[in-house]
Number of protein chains: 2
Amino acid sequence: MAAFPADDLESLKGHVRALRPVRRGDTFYRAGEAASRLLIVHAGSARISLSRQGGREMICDYYLPGDTLGLEALHTGTHTATCVALETTQVCELSRNSLMRLAGRHPDLRERICLQMNRALVRSQHHQLDIATKSSEQRLAGFLIDVSMRLGERGYSTHSYRLPLTRLEIANHLGMRTETLSRLLADFRRRGLITLAGREIDLLQREGLSRLAGD
Amino acid sequence: MAAFPADDLESLKGHVRALRPVRRGDTFYRAGEAASRLLIVHAGSARISLSRQGGREMICDYYLPGDTLGLEALHTGTHTATCVALETTQVCELSRNSLMRLAGRHPDLRERICLQMNRALVRSQHHQLDIATKSSEQRLAGFLIDVSMRLGERGYSTHSYRLPLTRLEIANHLGMRTETLSRLLADFRRRGLITLAGREIDLLQREGLSRLAGD
DNA sequence: CGGCAATTTGACCGGTCTCAAAGTGTGTGG
DNA sequence: CCACACACTTTGAGACCGGTCAAATTGCCG
């Protein structure tokens with residue numbers, strides 16, 4: 001999911017409104033609610049999740065600064081997922097009405113929106129592939145690399161970072177149990193692939209992890 | 001994935017070109033190829049799949065008459081998935097150029113395209129959820145219901161139909177092995193939930209299957 | 001009708017899950 | 001600033017689902 005281009009935000013000036021920061025766990029929107037706006041992450045991070053009756057829930061994806069929240073609901077008008085802040089997070093809002101009005105005048109704006117939706121679709125399909133065909137170990141290695149790359153795109157270190165999700169959230173996102181995740185992390189550490197202290201992680205052997213991830 | 005509305009096709013007259021039917025196994029496009037057009041299924045069915053080096057591949061979704069093929073590539077210009085006919089299938093093509101040109105003049109056309117992409121995204125996320133949180137049995141029950149509903153939307157019987165995919169393809173789509181699928185189908189039959197002869201299937205207890213599917 | 005692909009069935013194995021319990025952080029209120 | 005409570009994380013033991021390998025059976029197309 002590429003960042004929302006800065007020049008684009010520029011052209012939206014006057015239509016985008018910065019909201020006050022929210023804290024970890026606060027909800028941006030819930031599945032079933034009417035969707036009235038698009039949110040753009042300014043600082044912090046967020047996750048979207050789906051849930052089934054019965055309590056089972058899954059974190060479909062996570063979002064970093066520059067990413068757009070609420071795309072799933074853009075054209076239906078109703079949210080199909082729930083979006084929650086992962087840490088203290090600030091977003092800007094763009095109302096659906098302004099967006100619709102602007103879309104007519106700015107072909108490149110709607111290009112960008114569609115492009116982001118496109119990327120979300122491709123990401124989702126690849127995650128499907130991973131969950132269905134890879135082992136837990138491969139998925140975890142892939143995840144560590146994925147986070148690293150996305151942080152890298154935003155100018156942060158790709159080698160050493162703070163995990164944006166808790167163990168519970170990571171396990172859930174990868175379709176495994178926290179116990180399994182914990183064991184795998186311990187294993188990676190034992191093999192010298194990473195160092196780990198709480199949420200702080202160092203990728204000691206990117207190559208090794210990439211190879212493990214299996215593509 | 002809703003069907004492409006008939007009145008919309010009407011308005012596209014002169015821009016949409018019917019292609020000659022292709023047979024089962026023929027490829028509409030491959031991952032990596034340049035994307036120059038959108039395809040709309042007229043008769044028959046198709047599937048899209050992703051693959052990793054190493055041969056592992058996954059069928060992400062399947063498409064029935066009225067569905068649109070190639071959405072994943074609409075804005076990047078390069079296909080990220082491979083699309084293959086499931087049976088003798090006829091599609092209509094709409095070139096990307098015409099589409100871009102038309103999009104300016106027809107706000108509702110781009111609404112529709114985005115809406116379809118939206119639906120594809122939501123479907124993909126839900127499939128993620130299913131693969132990650134449901135048992136093989138639940139996924140299979142859910143799949144049988146899903147096919148039934150999609151056929152129903154198109155005016156076919158929801159009770160009795162011909163499976164659009166082979167066992168291998170179904171298993172792959174659901175993230176399990178053909179052996180597992182075969183055993184589960186045998187089980188469903190033994191329990192009186194379905195009858196099955198080759199690809200012809202009857203859902204004897206929709207309710208039971210729905211309950212099994214778990215939501 | 002022959003041959004090959006698709007499907008089914010069986011036996012066994014292994015990766016993950018489940019249940020349980022012990023550690024480790026972390027935030028809040030006193 | 002400390003201490004307590006509670007959430008998060010780790011570790012262990014055992015069970016089970018689904019995968020793997022192998023072989024028999026069925027079905028389909030030339």
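Residues numbered from 1 in each chain as written. Chains lettered and ligands numbered in written order. Predicted model: local features only at pLDDT ≥ 70, side-chain atom pairs only at ≥ 80, totals over all residues. Heavy atoms only, no water.

1. Observations concerning the environment of leucine 115 of chain A
Where we set the bar: Per the convention used, a helix needs a DSSP run of H or I reaching at least four residues, while a strand needs a run of E reaching at least two, with both numbered from the N terminus.
Topologically, leucine 115 of chain A is positioned in helix H3 (residues 107-133). The spatial distance from the C-alpha of leucine 115 of chain A to the C-alpha of leucine 151 of chain A is 20 Å, given a sequence separation of 36 residues.

2. Digging into the protein's contact with DNA strand C
As a reminder, the rule being used: We call a residue near a molecule or strand as soon as one heavy atom of that residue lies within 4 Å of the molecule or strand. In protein, a polar contact requires one atom able to donate a hydrogen and another able to accept it; more generally it is a pair of N or O atoms within 3.5 Å, and residues adjacent in sequence count only if both atoms are side-chain atoms. Gly is placed with the polar residues, together with every amino acid not listed as nonpolar (Ala, Val, Leu, Ile, Met, Phe, Trp, Tyr, Cys and Pro) or charged (Asp, Glu, Lys and Arg).
Taken together, 16 residues lie around DNA strand C, and Ser136, Arg177 and Thr180 of chain A together with Ser182 and Arg183 of chain B are the ones closest in. Counting only the atoms of DNA strand C that lie within 4 Å of the protein, the sugar and phosphate share comes to 64%. One of the side-chain nitrogen or oxygen atoms of arginine 177 of chain A is found 2.9 Å away from a phosphate oxygen of DNA strand C. Glutamate 179 of chain A places a side-chain nitrogen or oxygen 3.1 Å from a base nitrogen of DNA strand C. Within the residue set of the surface near DNA strand C, elements represented by two or more residues are helix H6 (178-190) of chain A together with helix H5 (167-174) and helix H6 (178-190) of chain B. Here the element with the most residues in the surface near DNA strand C is H6 of chain B; it accounts for four residues. Here the residues of the surface near DNA strand C sort into three nonpolar, six polar and seven charged.

3. Side note on the domain arrangement of chain A
All names here are of chain A. To keep things clear, this is the line we draw: What fixes the domain bounds is an automatic or database domain assignment. Contacts are residue-level and defined by heavy atoms, with any inter-residue pair within 4.5 Å sufficient. The rule for a salt bridge is simple: a side-chain nitrogen of Lys or Arg has to be within 4 Å of a carboxyl oxygen of Asp or Glu.
Here the domain parsing of chain A yields domain 1 (6-130) and domain 2 (134-213). Computed over C-alpha atoms only, the centres of domain 1 and domain 2 are separated by 25 Å. In this assembly, 18 residues from domain 1 lie in contact with 17 residues from domain 2. Across the pair arginine 154 and aspartate 67 runs a salt bridge whose closest N-O atoms are separated by 2.8 Å. If you look at where domain 1 meets domain 2, you find 13 residue pairs in polar contact (both at pLDDT 80 or more). Those elements giving two or more residues to the side of domain 1 that touches domain 2 turn out to be strand S5 (57-63) and H3. Here the element with the most residues in the side of domain 1 that touches domain 2 is S5; it accounts for seven residues.

4. Considering the pattern of salt bridges
All names here are of chain A. Counting across every chain of the model gives 30 salt bridges over all chains. A salt bridge links arginine 162 to glutamate 200, with the nearest nitrogen and oxygen atoms 3.0 Å apart. In this pair, arginine 162 sits in strand S9 (residues 160-162) while glutamate 200 sits in strand S11 (residues 200-203), placing the two residues 38 residues apart along the sequence. When salt bridges with common partners are traced through the structure, they connect Asp61, Asp67, Arg123, Asp146, Arg150, Glu153 and Arg154 into a single cluster.

5. Examining the packing of helix H4 (residues 136-153) of chain A against helix H5 (residues 167-174) of chain A
All names here are of chain A. The following threshold applies: Note on method: axes are straight lines fitted to C-alpha atoms, helices fitted across the in-contact stretch only, with angles between N-to-C directions ranging 0 to 180 degrees. Definitions for this section: a left-handed crossing has its near helix turned counterclockwise from the far helix by less than a right angle. A right-handed crossing has that turn clockwise.
For the pair H4 and H5, interaxial distance at closest approach is 10 Å and the crossing angle is 115°. With respect to the hand of their crossing, H4 and H5 are arranged in right-handed fashion. Taken together, the residues of H5 that come into contact with H4 (itself represented by Arg139, Leu140 and Phe143) are Ile170, His173 and Leu174. Of the residues assigned to the contact of H4 with H5, the class counts are four nonpolar, one polar and one charged.

6. Considering H6 of chain A
Residues and elements named next belong to chain A. So the rule is basically this: Multiplying 1.5 Å by the helix residue count minus one yields the expected span of that helix. Per-residue accessibility, obtained with a 1.4 Å probe over protein chains only, is compared with the maximum for each type, and a residue is labelled buried under 20%, exposed over 50%, and partly exposed between these values.
Helix length check: H6 (13 residues) gives 18 Å between terminal C-alpha atoms against 18 Å at 1.5 Å per residue, within 8%. Those residues of H6 lying buried are Leu181, Leu184, Leu185, Ala186 and Phe188. Taken from the residues just after H6, glycine 192 is the one with a positive phi, measuring 80°.

7. So, the relation of the copies chain A and chain B
Rules: Least-squares superposition of the copies uses the C-alpha atoms of those residues scoring a pLDDT of at least 70 in each of them.
For the pair chain A and chain B, the superposition axis carries a translation of 0.0 Å, the fit reaches an RMSD of 0.0 Å, and the rotation angle comes to 180°. Here the transformation between the copies is reduced to the relation of a two-fold axis. When the interface residues of chain A are mapped onto chain B, 100% of them again fall at the interface, so both copies present the same face.

8. Let's talk about the confidence of the model for chain A
Selection criterion: Each residue carries a pLDDT score, the predictor's own confidence in it, on a scale running from 0 to 100.
The share of residues in chain A with pLDDT of 70 or more is 94%, and the mean pLDDT across the chain is 89. Confidence scores differ between elements of chain A, with helix H1 (residues 6-11) of chain A showing the lowest mean pLDDT of 55 and H6 of chain A the highest of 97.

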